[in-house]
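# Survey of secondary and tertiary structure
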Amino acid sequence: MNGRETVDVATLRAREGRVHSVETMGTVDGPGTRLVVFCQGCPMRCAYCHNPDSWDPAAGSVTTAGEVLDLFERNRPFYRRGGITLSGGEPMLQPDFSAAVFALAHRAPAGRIHTCLDTSGIAFSAAAPERHAALLDECDLVLLDVKHAFDEGHRELTGKGADNPRALGDELARRGIPAVIRHVVVPGITDGPEELAALGRLIARWDNVVGLDLLPYHTMGVGKYRALGLDYPLEGVPAQEKGSIPELRRQVLGARAAVRAGRA
């Protein structure tokens, strides 16, 4: 919005979206303590997804952007160094709702609220960037989940290609929106030296990257798959050892540094 479009607060408050769940005291999805809204619906089928009940875009609860803001305001004293994070599912599947939540946050009568978008980028398209322009206008920080550095591997892991996530990464860099890159490390799938070096080369072209989180794969979602009567795609794959993460992160950053040094 930010000058491109003037929308009155009442209209913003009334915009509806579908929400899977809400975490009122989130501490890992952006800086500080945050209200984390998990939006309903996702077109990907990540093999390690621990919320398969968030896939169906027609499920979840209908919520207005105003209700999200009101929930934050009721607990504002706890969020002094935090803000609002939209996660998923995939929040970019609901660009009007997501943009309205963030626009209200930036215009809150009690003071501006920090906004953070946690996304895979799969719903973004370089051919139609205007669909998400209003949302990106209101983003203070983006957590961009890079599922796999290679297109073929991305397709095998998620059921979708990597073009849209990479296009979003390029758009965030063009806009100068700070981004933290997230990458789930799965034994035998996303932990190899070639994959990690490719990830480093990929993010080297984005000057707006302010952080890198390598997240060790865990098996906590297995029980939910069984409860829903679904086969778990990574049955038998062990959890990634947390102790391995610093060395794997060093490999990614080393490849990134090598590319950036060559550009200097």
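Owing to the predicted nature of the structure, the values given are computational and were not obtained by experimental measurement. (Residues numbered from 1 in each chain as written. Predicted model: local features only at pLDDT ≥ 70, side-chain atom pairs only at ≥ 80, totals over all residues. Heavy atoms only, no water.)

## Some words on the sheet that holds strand β8 (residues 209-216)
Strand pairing in a sheet relies on backbone hydrogen bonds, with the paired strands running either antiparallel or parallel. Keep this limit in mind: Any two strands between which DSSP finds at least two bridges are classified as paired. Helix and strand assignments follow DSSP, with helices taken as H or I runs no shorter than four residues and strands as E runs no shorter than two, numbered in order from the N terminus. Where helices are involved, their axes are fitted lines through C-alpha atoms of the stretch in contact, as for all axes, and angles between N-to-C directions lie from 0 to 180°. Whether two residues touch is decided by their heavy atoms; if any such pair falls within 4.5 Å, the residues are in contact.
What the eight strands build is an open sheet, ordered β3-β1-β2-β4-β5-β6-β7-β8; its pairing is mixed. At either end of the open sheet lies a strand with only one pairing partner, and these are β3 (61-64) and β8. Geometrically, the sheet is characterised by an average inter-axis angle of 30 degrees between neighbouring strands, direction not taken into account. Across five bridges, strand β1 (residues 16-26) lies against strand β2 (residues 34-39) in antiparallel orientation. Bridged to Glu23 within β2 is Val36. Strand contacts of helix α6 (residues 163-175): β5 (114-119), β6 (141-145) and β7 (179-185), with the helix running at about 155 degrees to β6, the strand carrying the most contacts. Strand contacts of helix α7 (residues 193-204): β7 and β8, with the helix running at about 170 degrees to β7, the strand carrying the most contacts.

## Some remarks on the nonpolar core
Here is the rule we go by: Joining through side-chain atoms within 4.5 Å is the link that ties buried Ala, Val, Leu, Ile, Met, Phe, Trp, Tyr and Cys residues into a set, and such a set is a nonpolar core. Per-residue accessibility, obtained with a 1.4 Å probe over protein chains only, is compared with the maximum for each type, and a residue is labelled buried under 20%, exposed over 50%, and partly exposed between these values.
Counting 53 residues, the largest nonpolar core has Leu117 and Leu136 as its most contacted members. Top element by residues in this core is helix α3 (residues 95-106). It accounts for eight residues. Each residue touching Leu117, except ones within four places of it in the same chain, is listed here: Leu86, Pro91, Met92, Phe102, Leu135, Leu136, Cys139, Leu141, Val142 and Leu143. With 17 residues, the next largest nonpolar core counts Tyr48, Cys49, Leu157 and Tyr217 among its residues.

## So, the environment of Arg15
Along the chain, Arg15 turns up in the loop between α1 (9-14) and β1. The spatial distance from the C-alpha of Arg15 to the C-alpha of Gly41 is 17 Å, given a sequence separation of 26 residues.

## Some points on empty space enclosed by the protein
The criterion, for reference: Using protein atoms alone on a 1 Å grid, points that fit a 1.4 Å probe yet trap it form a cavity, whereas open point sets bounded by protein on both sides within 12 Å along at least five of seven lines form a pocket; residues with an atom within 4 Å of a point count as lining. Grid points are joined across faces, edges and corners, and a volume is the space filled by probe spheres set on the points. Just so you know the grouping, Ala, Val, Leu, Ile, Met, Phe, Trp, Tyr, Cys and Pro go in nonpolar, Asp, Glu, Lys and Arg go in charged, and all remaining residues, Gly too, go in polar.
Within this structure, the stated rule accounts for two cavities of 30 Å³ or more. Considered as a void within the structure, the largest cavity measures approximately 50 Å³ in volume. Contributing to the lining of the largest cavity are Val146, Lys147, His148, His154, Ala162, Pro165, Arg166, Leu202 and Trp206. Here the lining of the largest cavity is built from residues that sort into five nonpolar, two polar and two charged. Approximately 40 Å³ is the volume found for the second largest cavity. Around the second largest cavity, the lining residues are Tyr48, Asp145, Val146, Lys147, Arg182, His183, Val184 and Leu215. With three residues, the single largest contributor to the lining of the second largest cavity is β7. Here the residues of the lining of the second largest cavity sort into four nonpolar, one polar and three charged.

## Observations concerning the packing of aromatic side chains
Where we set the bar: Two rings from Phe, Tyr or Trp (for Trp, the six-membered ring) form a pair when their centres sit within 6.5 Å of each other. Planes less than 30 degrees apart are called stacked, planes more than 60 degrees apart edge-to-face, and all others tilted.
Tallied over the full model, the rule gives three aromatic pairs. For the pair Trp55 and Tyr225, a centre-to-centre distance of 6.4 Å together with 75 degrees between the ring planes defines the contact as edge-to-face. Of this pair, Trp55 sits in the loop between β2 and β3 while Tyr225 sits in helix α8 (residues 222-227); the two residues are 170 residues apart in sequence, bridging distant segments of the chain. The same class applies to Trp55 as to Tyr225, namely buried. Summarising the aromatic geometry, the rings of Tyr225 and Tyr232 are spaced 4.9 Å apart at their centres and angled 80 degrees between planes, so their arrangement reads as edge-to-face. Classification of Tyr232 as buried rests on a relative accessible area of 8%.

Keep in mind these numbers describe shape, not what the thing actually does.
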